[in-house]
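Structural characterization, general
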Amino acid sequence: MELRGVDLVVTGHNHAYERFAQQDHLGRRSTRGIRSVVAGTGGNRHIAFRGAVAPNSLVRDDGHHGMLRLKLRPDGWTQEFRGVTGVSRDAVAAGCRP
């Protein structure tokens with residue numbers, strides 16, 4: 001599947017949070033690639049990550065329930081994963097490609 005013009009993909013999960021580096025359609029790091037976030041913000045018990053760390057994984061959190069705050073702007077976006085206690089577990093901002 002080719003995703004032309006996509007800057008960010010957010011997928012849902014019930015156990016864990018993970019953020020990936022920009023990557024191309026083959027999964028290689030790329031400065032013009034797509035950013036991906038797996039937003040596992042709660043609703044089920046914690047399950048530890050198993051096996052090898054996925055390629056391009058930057059941040060993994062399998063021990064905190066929380067929420068993903070995503071702000072979209074015409075020129076970019078910001079995201080923050082906050083635990084239920086209000087502590088920021090991860091945050092990032094990026095611009096959109098023209």
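Before any of the text, the structure's been laid out above.
Presented here is an overview of the structure given in this document. (Residues numbered from 1 in each chain as written. Predicted model: local features only at pLDDT ≥ 70, side-chain atom pairs only at ≥ 80, totals over all residues. Heavy atoms only, no water.)

**Some remarks on the overall build of the protein chain**
Formally: Counting from the N terminus, the helices are the DSSP runs of H or I reaching at least four residues and the strands are the DSSP runs of E reaching at least two. We compute the radius of gyration from the C-alpha atoms alone; for a globule the expected value is 2.2 Å times N to the 0.38, where N is the number of residues. Accessibility here uses a 1.4 Å probe with only protein chains present; expressed as a share of the type maximum, an area under 20% marks a residue as buried, one over 50% as exposed, and anything in between as partly exposed. Here, residues are in contact when the closest pair of their heavy atoms is within 4.5 Å. His is not counted here, nor are the chain ends, while Lys and Arg score as positive and Asp and Glu score as negative. Charged side chains are reduced to one point each, which is NZ for Lys, CZ for Arg, CG for Asp and CD for Glu.
Scanning the protein chain from terminus to terminus reveals zero helices and seven strands. Relative to the compact-globule value of 13 Å for 98 residues, the protein chain shows a C-alpha radius of gyration of 14 Å, a close match. Looking at the 98 residues of the protein chain, the share that counts as buried comes to 31%. Long-range pairs, those at least 24 residues apart, make up 49% of the contacts in the protein chain with a sequence separation of at least 6. Of the side-chain charges in the protein chain, 15 are positive and 9 negative, and the distance between the mean point of each set is 1 Å.

**A word on the sheet that holds strand β3 (residues 34-40)**
Let me state the cut-off plainly: At least two bridges found by DSSP between two strands is the condition for calling them paired. Angles shown run from 0 to 180 degrees and are taken between the N-to-C directions of axes, each axis being a line fitted to C-alpha atoms and, for helices, limited to the stretch in contact.
Read across the sheet, four strands follow the order β1-β3-β2-β4 without closing on themselves; strand pairing throughout is mixed. If you trace the sheet from one side to the other, it starts and ends with β1 (8-13) and β4 (57-61), each paired once. Adjacent strand axes in the sheet meet at a mean angle of 10°, parallel and antiparallel pairs treated alike.

**Re the environment of Val92**
Along the chain, Val92 falls in strand β7 (residues 88-95). Classification of Val92 as buried rests on a relative accessible area of 19%. For the pair Val92 and Leu70, spaced 22 residues apart in sequence, the C-alpha to C-alpha distance is 9.9 Å. Not counting residues within four places of it along the chain, the set of residues in contact with Val92 comprises Arg19, Trp77, Thr78 and Gln79.

**Considerations on the pattern of salt bridges**
Worth spelling out the cut-off: Salt bridge, as used here: a side-chain nitrogen of Lys or Arg that lies within 4 Å of a carboxyl oxygen of Asp or Glu.
Following the criterion strictly, the structure yields six salt bridges and no others. Note that Arg60 is salt-bridged to Glu18, the shortest N-O span being 3.9 Å. Taken together, the residues Arg60 in strand β4 and Glu18 in strand β2 (residues 17-23) connect sequence positions 42 residues apart. We classify Arg60 as partly exposed; its relative accessible area is 27%.

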